[in-house]
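# Structural overview for review
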Amino acid sequence: MRRAVRPWAATLALAAVLAGCTVGPDYHPRTATELGVPEAYSVPALATPQDLTAWWRRFDDPELSRLVEQARTNNTDLAQAVGRLRQAREALVQSRATLLPTLSGSAGYNRSIDIRGGSSTITNPATGTTTTITRSAGDSFSLGLDAQYQVGLFGEVRRTVEAGRAENEASRFDYATVLVSVTSEVARNYVLARGYQAQIANARASLAIQDDNLEIAGFRVQAGLVSSLDAEQARSQRAQTAATVPQLEQQYEAAVARLGVLTGQAPGALRPELAAVQPIPAGAPVGAGIPADVLRQRPDVRAAERTLAAATARIGVARAQLYPAFTITGNVNTDAASLGSIANVITGGLFAGLTQAIFNGGRLRSQVRGQEAAADTAFAAYKGIVLTALEDVENALTAYTAAQTREQQFAIALEAANNSAILGRSQYRTGLTDFTTLQQQELSLLSARNGLTGAQADRATALVQLYAALGGGWDAATLPDGRTPIPSTGTR
């Protein structure tokens, strides 16, 4: 038995030595300088980074938090991302399996009949003649085991596993990217819905005032103090204000419907819950850190980096096809007349073979160049995603600062417009001013109210945009690994 093992041991030892050569470039992470990342943002930003894993709670709005958690559990885009992650995981399992030998077993039973052994007599009814036939029977049993092992002399197997591992990691970050996107989309539509509610309330408050103005104008016309022009102007102003309400209601309903779909429900499922008017949520400012932080915080950036790593490994797989392939095959068989003696005679064989492509019309070298081009493309995409991430952060910072300034100025404008409107109505009642002046003051008041509402919504939206641009809303420690479905996604 020791002598039978020696050829296997020698062959595997030789394979291990030969398999130490791995062709193709080794992947090295790119530096911030290679990716064009500056040392600081070009716009004012707080340099201290903060934990944004659950940034939506910074708005201190229980309804918003509930909707976000519901979306992160039931959103259909996330369910699809989980499915893709599971596929990537299984692809990695399959590629890892190529590192191990393939074993297959067989078993057989055969019963043979020999007409020369034994005897029996058969009579022909037509002729009355008889024929004697001799026969004998025998049983045989067989067992077999076949093994095959692709050594991968030049690292093609290990490079394939390396690429599969990187692609699996990229799928995990792709899932996180969808998670960040869904979370920010829920928050953005929630802010829109509350903003439209505020604008509808502004329009209805103006309608109440304009109803009073129309009534006052009517009294003054009846008293002969002014012409009917004042009443017609008042009627026209009220109708124009009333015409804005249906449009605002339509926009509000669209935002609520979108929230329903984002949370995995029918479009109208959330209408009863969001019907009560609530203020636009106001979050707290956040530190953006330094530009290099996006390389760690943004899941889409990390997914692009893993995609580049996989493309680099694929170059080695393609290059290995230019060199010989080494395969080891072996078998063990036994054949016996009875189960009890099946282990008496055992035979086996071992074969090691090399195959080398001699002529293929340049196809294999073309595949290498193609994979090198794919790696260059992946690097360009990686760098582009990094720069886009920096752009997202700076745009969000600028939008937040602009919205803050606008909110401050519209607050001043609203106070002044409200005082002017009160004074204007008082003067119109006493005949100290005309209706045109009052109308202008009322329009200024409505404009200031909507301007302040819009600035508040823009500030909240910019904050949501900034949270997402900084890569908030996910935690690497809690990402699924694709081993099992996530029950909350509805998969089985």
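## Observations concerning the overall build of the protein
When helices and strands are counted, the protein shows 10 helices and 6 strands. The buried share of the protein, reckoned over its 492 residues, is 39%. Within the protein, contacts between residues at least 6 apart in sequence are counted, and of these 83% link residues at least 24 apart. Entry remark: accessible area of the protein is about 26000 Å², with carbon and sulfur atoms responsible for 56%.

## What to know about the packing of aromatic side chains
Two descriptors summarise a pair of aromatic rings, namely the distance from one centre to the other and the angle between the planes of the rings. According to the stated counting rule, one finds 7 aromatic pairs in the structure shown. Centroid distance Phe-173 to Trp-474: 6.0 Å. Interplanar angle 85°. Geometry classified as edge-to-face. You can see Phe-173 sitting in helix 4 (residues 156-222) and its partner Trp-474 sitting in the segment after helix 10 (435-469), a full 301 residues away along the chain. Both rings, one in Tyr-428 and one in Phe-435, keep their centres 5.5 Å apart while their planes meet at 70°; by these two values the pair is edge-to-face. For the pair Tyr-428 and Phe-435, a shared accessibility class is recorded, and that class is buried. Feature note: the residues Trp-55, Trp-56, Phe-59 and Tyr-467 constitute an aromatic cluster, connected by ring pairs.

## Topic: the packing of helix 2 (residues 62-74) against helix 4
For the pair helix 2 and helix 4, interaxial distance at closest approach is 9 Å and the crossing angle is 145°. In the crossing of helix 2 with helix 4, the sense of the turn from one axis to the other is right-handed. Contacts between helix 2 and helix 4 involve Glu-63, Leu-64, Leu-67, Val-68, Ala-71 and Arg-72 from the first element and Leu-179, Val-182, Thr-183, Val-186, Ala-187, Tyr-190 and Arg-194 from the second. Counted by class, the contact of helix 2 with helix 4 contains 9 nonpolar, 1 polar and 3 charged residues.

## Focus: the environment of Gly-268
Here Gly-268 shows up in the loop between helix 5 (228-262) and helix 6 (271-274). Linking Gly-268 and Arg-258, residues 10 residues apart in sequence, is a C-alpha distance of 9.0 Å.

Cut-offs and rules
Residues numbered from 1 in each chain as written. Predicted model: local features only at pLDDT ≥ 70, side-chain atom pairs only at ≥ 80, totals over all residues. Heavy atoms only, no water. Helix = DSSP H or I, 4+ residues; strand = E, 2+ residues; numbered from the N terminus. Buried < 20%, exposed > 50% of the residue type's maximum accessible area, 1.4 Å probe, protein only. Contact = heavy atoms within 4.5 Å. Areas by Shrake-Rupley, 256 points an atom, 1.4 Å probe, with all protein chains shown as cover. Phe/Tyr/Trp six-rings, centres within 6.5 Å; stacked < 30°, edge-to-face > 60°. Axes fitted to C-alpha atoms, helices over the stretch in contact; angles between N-to-C directions. Left-handed = near helix turned anticlockwise from the far one by under 90°. Nonpolar A, V, L, I, M, F, W, Y, C, P; charged D, E, K, R; others polar.

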